[in-house]
Amino acid sequence: MNFKTPLPRKYIAVLLAILILFSGPACTFTLFGDRTNGGTTPQPVTPTGPTSTPLPMAQVTFRVTLPLPLNPGETLALRVLDEVTGLSFNYSDVRMQAVDPTHFIASLPVTLNSVLKYIYIREGGPGTPEYNSLNQAVRYRLYFAAGTSEVTDIVAAWPDKPFIGTVGSIQGTAINADTGVAVPGLMVSASGVQSITDSAGRFNLQGLPVGTHNVIGYAMDGMFGTFQQGATVAQGLTTPVSVTVRGAPLVPVSLTVHVPANTQPGAAVRIAGNLLQLGNTFANLRGGLSTVADRMLPMQQVSQGIYRIDTFLPVGADVRYKYTLGDGFWNAEHKLNGGTFQVRQFIVPPGGLVLEEYVETWQAGNSAPILFEVTVPNTTPAGDIIYIQFNPYGWTEPIPMWFDKDNHWTYRLYGPLNLSSFAYRFCRSGQCGSADDVATAGSSDGRQAITVLTSQDLQDTVTNWAWMETPTSSVAGTNVAIRANNFMAGVEVDPYFHPNYTTHYPLALQYIQSRGANWVTLTPTWTYSSSAPLVFGVKPGADQLWTDTNNMIANARGLNLSVALFPQPRFPVSSSDWWRAAPRDNTWWLTWFDYYRAFAVNYADLATQAGAQALILGGDWVLPALPNGTLSDGSPSNVPNDADARWQAVLNEVRAHFRGTVLWAMPYTVPNLATPGFLVNTDGIYLLVSGTLSENSNPTGDDLNRGAAQLLDNGVLPLQSLLSKPVYIALAYPSATGATMTCLPINGATCQNWKSLSQPNNPPEVALNLQLQADIYQAIFVAVNTRPWVAGVVSRGFYPPTFLLDKSASIHGKISGDVVWYWYQRFLGLIK
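Quick look at the structure, then. Every value quoted in this text rests on a predicted model; they were computed, and no experiment measured them.

Examining the overall build of the chain
Okay, step 1: In terms of regular secondary structure, the chain is built from eight helices and 45 strands.
Okay, step 2: A compact globule built from 832 residues should have a C-alpha radius of gyration of about 28 Å, and the chain, at 28 Å, falls within 12% of that.
Okay, step 3: Projected onto its principal axes, the C-alpha positions of the chain cover 75 × 65 × 50 Å.
Okay, step 4: Here the chain holds 832 residues, and the buried ones make up 58% of them.

Overview of the pairing of strand E10 (residues 141-145)
Okay, step 1: The buried fraction of E10 is high, at five of five residues.
Okay, step 2: Side chains Arg141, Tyr143 and Ala145 of E10 all project onto a buried face; the interleaved residues Leu142 and Phe144 project onto the opposite face, where all are buried too.
Okay, step 3: Alignment of strand E8 (residues 114-123) against E10, held across five bridges, turns out to be antiparallel. Within the sheet, the bridge partner assigned to valine 115 lies in E10 and is phenylalanine 144.

A word on the side chain of threonine 396
Okay, step 1: The topology assignment puts threonine 396 in the loop between strand E28 (386-391) and strand E29 (399-400).
Okay, step 2: Threonine 396 sits in the buried class, given a relative accessible area of 0%.
Okay, step 3: A distance of 2.9 Å separates the side chain of threonine 396 from the backbone oxygen of phenylalanine 390, its partner in a polar contact.
Okay, step 4: Apart from the residues within four sequence positions on either side, threonine 396 is in contact with Arg286, Gly287, Leu289, Trp330, Gln389 and Phe390.

Some details on the nonpolar core
Okay, step 1: Ranked by size, the top nonpolar core spans 180 residues in total, and within it Phe346, Leu565, Trp592, Tyr596, Trp647 and Trp664 carry the most contacts.
Okay, step 2: For this core, the element with the highest residue contribution is helix H4 (residues 586-610), accounting for 13 residues.
Okay, step 3: Ignoring sequence-local partners within four residues, the contact set of tryptophan 647 consists of Trp592, Phe593, Tyr596, Val622, Ala625, Leu626, Pro627, Trp664 and Phe678.
Okay, step 4: Val60, Leu66, Leu116 and Tyr143 belong to the second largest nonpolar core, which has 22 residues in total.

Notes on the sheet that holds E28
Okay, step 1: What the four strands build is an open sheet, ordered E29-E28-E32-E33; its pairing is antiparallel. Only two strands of the sheet have a single neighbouring strand rather than two, namely E29 and strand E33 (447-450).
Okay, step 2: Of the pairings in the sheet, the one linking strand E32 (residues 421-428) to E33 comprises four bridges and is antiparallel in character. Note on E33: the bridge partner recorded for phenylalanine 422 is alanine 449.

Focus on the packing of aromatic side chains
Okay, step 1: This model, assessed by the stated rule, comprises 64 aromatic pairs.
Okay, step 2: With centroids separated by 6.0 Å and ring planes inclined at 75 degrees, the aromatic side chains of tyrosine 822 and tryptophan 823 adopt a geometry described as edge-to-face.
Okay, step 3: Note on tyrosine 822: relative accessible area 10%, which makes it buried.
Okay, step 4: Arginine 122 extends its terminal NZ or CZ atom over the ring of tryptophan 158, reaching a point 5.2 Å from the ring centre.

Section: unusual backbone geometry
Trans peptide bonds make up most of the peptide bonds, and negative phi angles are found at most residues other than glycine.
Okay, step 1: A cis amide bond, omega 0 degrees, links glycine 415 with the succeeding residue proline 416.
Okay, step 2: Mapping proline 416 onto the fold places it in the loop between strand E31 (408-413) and E32.
Okay, step 3: With an omega of 5 degrees, the peptide bond between glutamine 759 and proline 760 qualifies as cis.
Okay, step 4: Relative to the assigned elements, proline 760 resides in the loop between strand E44 (727-731) and helix H7 (770-785).
Okay, step 5: Positive phi, close to 55 degrees, is recorded for serine 191, a residue that is not glycine.
Okay, step 6: Within the secondary structure, serine 191 sits in the loop between strand E13 (186-190) and strand E14 (193-196).
Okay, step 7: Under the relative-accessibility criterion, serine 191 is labelled buried at 10%.
Okay, step 8: The phi dihedral of aspartate 406 falls on the positive side, at around 50 degrees, and the residue is not glycine.
Okay, step 9: On the accessibility criterion, aspartate 406 (65% relative accessible area) is exposed.

Re the packing of helix H2 (residues 546-558) against H4
Okay, step 1: Between H2 and H4, the least distance of the axes is 10 Å, while the angle of their chain directions is 40 degrees. Classified by the angle their axes make, H2 and H4 are oblique. Judged by the twist between their axes, the crossing of H2 over H4 is right-handed. Contacts from Trp546, Thr549, Asn550 and Ile553 of H2 reach H4 at Asn602, Asp605, Leu606, Gln609 and Ala610.
Okay, step 2: Of the residues contributing to the contact of H2 with H4, the split by class is four nonpolar, four polar and one charged.

Some remarks on the sheet that holds strand E15 (residues 202-209)
Okay, step 1: Strand order in the open sheet formed by three strands is E15-E12-E18, and the pairing between neighbours is mixed. Where the open sheet ends on each side, the last strands, each with one partner, are E15 and strand E18 (238-245). Between one strand axis and the next, the sheet turns by 25 degrees as a mean value, whatever way the strands run.
Okay, step 2: In this sheet, E18 lies alongside strand E12 (residues 167-176) in parallel orientation, the contact comprising eight bridges. Note on E18: the bridge partner recorded for glycine 172 is valine 241.

Some details on the pairing of strand E24 (residues 318-324)
In regular strands, side chains alternate between the two faces of the sheet.
Okay, step 1: Across the seven residues that make up E24, a large majority, six, are buried.
Okay, step 2: Bridge count for strand E20 (residues 270-273) against E24 is four bridges, and the pairing is antiparallel. From the neighbouring strand, isoleucine 271 faces E24, where its bridge partner is tyrosine 323.
Okay, step 3: Taken together, the four bridges between E24 and strand E25 (residues 344-347) define a ladder with antiparallel strand orientation.

Things to note about helix H5 (residues 643-657)
Okay, step 1: Along its 15 residues, H5 runs 22 Å from first to last C-alpha, staying within 8% of the 21 Å computed at 1.5 Å per residue.
Okay, step 2: Among the residues of H5, Ala643, Trp647, Gln648, Val650, Leu651 and Val654 are the ones counted as buried. Looking down the long axis of H5, one finds its buried residues gathered within 155 degrees of arc, a one-sided arrangement.

Side note on the pattern of salt bridges
Okay, step 1: By the definition in use, this model includes 30 salt bridges.
Okay, step 2: A salt bridge links arginine 79 to aspartate 93; the shortest N-O distance between them is 2.7 Å. In this pair, arginine 79 is assigned in strand E4 (residues 75-80) and aspartate 93 in strand E5 (residues 92-95), connecting sequence segments 14 residues apart. Each member of the pair, arginine 79 together with aspartate 93, is buried.
Okay, step 3: Overlapping salt bridges, with partners in common, bring together Glu74, Arg122 and Asp160 in one network.

What counts, and where the lines are drawn
Residues numbered from 1 in each chain as written. Predicted model: local features only at pLDDT ≥ 70, side-chain atom pairs only at ≥ 80, totals over all residues. Heavy atoms only, no water. Helix = DSSP H or I, 4+ residues; strand = E, 2+ residues; numbered from the N terminus. Rg over C-alpha atoms; globule rule 2.2 N^0.38 Å. Buried < 20%, exposed > 50% of the residue type's maximum accessible area, 1.4 Å probe, protein only. Pairing = 2+ DSSP bridges. Polar contact = N/O pair within 3.5 Å; in protein donor to acceptor, adjacent residues only side chain to side chain. Contact = heavy atoms within 4.5 Å. Core = buried A, V, L, I, M, F, W, Y, C linked by side-chain atoms within 4.5 Å. Phe/Tyr/Trp six-rings, centres within 6.5 Å; stacked < 30°, edge-to-face > 60°. Lys NZ or Arg CZ within 6 Å of the ring centre and 35° of its normal. Axes fitted to C-alpha atoms, helices over the stretch in contact; angles between N-to-C directions. Parallel < 35°, antiparallel > 145°, perpendicular 65-115°, else oblique. Left-handed = near helix turned anticlockwise from the far one by under 90°. Nonpolar A, V, L, I, M, F, W, Y, C, P; charged D, E, K, R; others polar. Expected span 1.5 Å × (residues − 1). Arc of directions from axis to C-beta. Salt bridge = Lys/Arg side-chain N within 4 Å of Asp/Glu carboxyl O.

Fair warning: the whole summary comes from geometry, so function is off the table for now.
This is the structure in structure tokens:
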């Protein structure tokens, strides 16, 4: 095996002088003594307690067929990947032997009952990883080593050699073998193509080359045993596969670790691992990483230099892990011999496990540790955690710093420091690129540091945060009519998701509750990975997993908030461009409706299981799929003539899975009376309102009051009267000049709506205007106050991680949030 180190070593020859370069304001450096608590030479500990025993191995033979012979001078390797450190790092290559020009073989020992993650790669040039038949990079293949065995694989394509063969697909369901119940959230993989099962256990693996593939069903949290079998794919056909898995019981696992003597006092020690509960996101995150510190298990300090965690893990789970002061890459443990990354492994035994282990060193490279200290302004919101983000070759995932006192935060970086220089920056709540230090805001290169042989203490001051101007807030007092008990005073969370958001949801929900809201609308997503063939499902890292949404609903219910689920899609391009490029023939439309039905039923099941009160279907993005649907340019979408019946069938199936309120989301237009027939079978309309109040970019108060009254009387009331159903007004008005206009004044752009100002977007030609957003809400609430037929009001686009006084539609921390607070409390009779 040929083991790779993560970064090229570039050591700087330094004698006794220290060279430190920084950019940005309020930055100093000091030479210090006791504060360093570390030096260039780590202090190892000597293992004296019980440690893990060697694991039994199984010999696995890999046979692979290539689409074309290799180029002259190239060789083929099987690359074994390390997702805990990052797929781009700490891998090992096993060179394969040629049987003939397109068939290769290799054997290697693999831990018994473990799950191997690997890809095939051409060596001899820059290193070319395999692609699938859709000409997308294969993230990894999976193989379950249940014993001495052989696996046969097919490589579909390479980046420079697109796929030219024939394909089929594999579809099926994942079922709990003990209960017969469907298993959602299971990763099913074949030939590097992955699908996450929905609430019915359904999966769909499209674009598989003709031939035999290894199908594996893998629980990302280890809660089910691993399924594996071969399946043969024929041209143009679908091979059915039933994935049956058994639940794994939880057993106690106790880990105690001794850390090096130069470990920073007060440092947070975590366990980074390959399971969801150990911080793995199963996604390609920034900098080639897959783990985030926020989702890892924290350890408790039991005495000087000793940390411990007692938890429960599922029997049979293959656990790859490491101890870390950061994530799987930064400040993770290393081996003293050569400074390579340390990755540990155990298979959870039926009786549980007790381990006592030792970190040899946190350091890698000849450079000494660097202590980062930062003082942040008093305006920093309470509850915000300060993060530090590093850029050695591109920005990586932010890491939470360690609180010291008052507004002072620290972080000591031990490694890997086998690089000559790197950039760093500070941000709030892990949102680097949005909630930034004003000195390094947006796409800034950050502050610069050079590694040296002597320990450093880098002291910085954040003078102000981006998007944190202190607003003045005043709300004109008004007599407010108390509404009926079923009035919806809601806030809708923005659908953008990052795995570190989950840490900040509890505080976000508390803020929503503090605004007087009685409803929160959550917006989980699926991703359209391809339009031809159509592929639609959960993409880890970009879409909330089942457990993420379930936990957020539980948090909201714990705050006595009613919950609506409004599932939405993610597109690789704009939705209008995606619809135009889609085939949209009859066969394609049949598949589209099948996917939407599965999408809707999935969230109907989740709403039922988690106790949500409402489900919102539709949205502006489905307009081409409605009866007589058109594209954004007005041309026909070629939707089938029976579209109304198809939507009715979707609603009927949703009703069979969910007994709560079912609303239909539709965009507000004037007039908007040509409604689909199936709407009569919904419980109400969730009307998406943005712009349309005034074409004056800086309207007066009278303009706003007049526009709000016309909006309700000339647009909303006729719709409510036509359908005889409650109408809930969902507002999306950014805090920017031009927010009242149909199209935002963005130079050189087609008609752009409020979403173009969501983080991290910041078109400079649109000016920040916090007061205008507040005035818009005030005008609409005044109009609603005298129109008792309005069933509710919802504020859309809420940014959950932290306060941002930016141009987006979010009210989080803005003066518009104070306006919402004033009206919601009084609408609901909380304040009279």
